[in-house]
Amino acid sequence: MERRRVAIIGGGPAGLMAADTLAPACDVHLYEHGRALGRKFLVAGQGGFNLTTSAQGPDLLARYRPAGFLDEALTAFGPADLRAWLDERGIPTYVGTSGRVFPRKGIKPITVLERIRARLVERGVQVHLEHAFDGFDAAARPIVESRAGRAAIAADVVVFALGGASWPVTGSTGIWPALFRTIGITARPFQASNCGVVLPWPASVTTAHAGKPLKNLRVTAGPLTALGEATITAHGLEGNAIYPVVPALRDALDAGAEATVRLDLKPTNTAEDLLRKLSGAAPPEYAKALHLDRAQLAVLKAFTPKERFRSPDSLVQDV
């Protein structure tokens, strides 16, 4: 039986995985508009290179929007399957305290990317760099533009792995929905996902603490909650404890409601635990008694009226 020719447009993580999956049964041609594959790996690696999560079952499925859209795919190939696939490539992983999965210490993002590239070469995937998707011809065949000019792709099947609009430098420019509209295909508008949140910080927080982390934090928005770390920025907060609750904030804003973020600076302590720590302490000693660092204290004071801060019963509800 003649092997089918498959064209994959987009050389990011999704395109690379699609190429690896299809290569044993098809002649795969991978088109990437940049000079190299997988550039988002390298950008993501600058801020902590988590490859997946340890979440499973309903907890995993609930992290993706719109609800149900990826349930079948995530059930068929979940985080455990991805970790096994990476291990076969010589990339052992471990689960961090936040539940995120990282390459074993000492393995850099470029190493992960090189081993995936090598796997594709081994499987006979044909890679075409500097080939940018540029719309469709009259027969609705995708067109790519390269140094040789514009040409329609001849393939039995075309897989589009074009990404969103988050990082233009990596190729995620978000221009493709307009190209699809020319052949009558519409896409949902892009929405913020793994992004920071804007908060009305007073100058006392941003001037002295922008760039500092809030560690061991629980963040809650609507029905979603996450444990981890958040970084104070000039505009608000970002980090692994923020990103999982963004869908709830987005849903609230889309509904015209107020979007509220709740921060728990001491998520492993009950109110009774905190009251015991404050027992016998005067207000100037409260921060030390509760083991609050300067950044945590600044955030707490920014949203806690003085009279509540001086009252132990009120303060433990606000920490």
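All of the points below concern the structure found in this document. Not measured: the values here are computed from a predicted model.

About the thresholds
- Residues numbered from 1 in each chain as written.
- Predicted model: local features only at pLDDT ≥ 70, side-chain atom pairs only at ≥ 80, totals over all residues.
- Heavy atoms only, no water.
- Pairing = 2+ DSSP bridges.
- Helix = DSSP H or I, 4+ residues; strand = E, 2+ residues; numbered from the N terminus.
- Buried < 20%, exposed > 50% of the residue type's maximum accessible area, 1.4 Å probe, protein only.
- Axes fitted to C-alpha atoms, helices over the stretch in contact; angles between N-to-C directions.
- Left-handed = near helix turned anticlockwise from the far one by under 90°.
- Contact = heavy atoms within 4.5 Å.
- Nonpolar A, V, L, I, M, F, W, Y, C, P; charged D, E, K, R; others polar.
- Polar contact = N/O pair within 3.5 Å; in protein donor to acceptor, adjacent residues only side chain to side chain.
- Phe/Tyr/Trp six-rings, centres within 6.5 Å; stacked < 30°, edge-to-face > 60°.
- Lys NZ or Arg CZ within 6 Å of the ring centre and 35° of its normal.

1. Regarding the sheet that holds strand S4 (residues 93-95)
Hydrogen bonds along the backbone pair up the strands of a sheet, which may run parallel or antiparallel.
And step 1. In space, the 3 strands of this open sheet follow the order S3-S5-S4, with antiparallel pairing throughout. Two strands lie at the open edges of the sheet, namely strand S3 (52-53) and S4, each paired on one side alone.

2. Regarding the environment of glutamate 122
And step 1. In this structure, glutamate 122 sits in helix H6 (residues 109-122).
And step 2. Residue glutamate 122 is classed as exposed on the basis of its relative accessible area, which comes to 65%.
And step 3. Each C-alpha atom, one on glutamate 122 and one on aspartate 20, is 9.9 Å from the other, the two residues being 102 residues apart in sequence.

3. A look at the packing of helix H1 (residues 13-22) against H6
And step 1. In the contact formed by H1 and H6, the axes pass within 10 Å of each other and the chain directions differ by 35 degrees. Note that H1 runs across H6; the crossing there is left-handed. Contact with H1, carried on its side by Leu16, Ala19 and Asp20, involves Leu113, Ile116, Arg119 and Leu120 of H6 and no other residues of that element.
And step 2. A breakdown of the residues in the contact of H1 with H6 according to their chemical character gives 5 nonpolar, no polar and 2 charged.

4. Re the side chain of arginine 119
And step 1. Checked against the element boundaries, arginine 119 lands in helix H6.
And step 2. Polar side-chain contacts of arginine 119 include one of 2.4 Å to the side chain of aspartate 20.

5. So, the packing of aromatic side chains
And step 1. Inspection of the entire model under this criterion finds 11 aromatic pairs.
And step 2. With a centroid separation of 5.1 Å and 75 degrees between ring planes, the pair formed by phenylalanine 136 and phenylalanine 180 is classed as edge-to-face. Highlighted residues: phenylalanine 136 in strand S7 (residues 132-136) and phenylalanine 180 in helix H7 (residues 176-181), separated in sequence by 44 residues.
And step 3. The exposure class assigned to phenylalanine 180 is buried, which follows from its relative accessible area of 11%.
And step 4. Among the aromatic residues, those joined into a ring-pair cluster are Phe133, Phe136, Phe160, Trp176, Phe180 and Phe190.
And step 5. Taking NZ or CZ as reference, arginine 89 lies 5.3 Å from the ring centre of tryptophan 85, over its face.

6. Points about unusual backbone geometry
If a residue is not glycine, its phi is most likely negative; likewise, a peptide bond is most likely trans.
And step 1. Despite not being glycine, asparagine 216 has its phi angle at roughly 50 degrees, a positive value.
And step 2. Along the polypeptide, asparagine 216 turns up in strand S12 (residues 213-221).
And step 3. Given the relative accessible area of 62%, asparagine 216 is considered exposed.
And step 4. At histidine 291, a residue that is not glycine, the phi angle is positive and equals roughly 60 degrees.
And step 5. By the element assignment, histidine 291 lies in the loop between helix H11 (286-289) and helix H12 (294-302).

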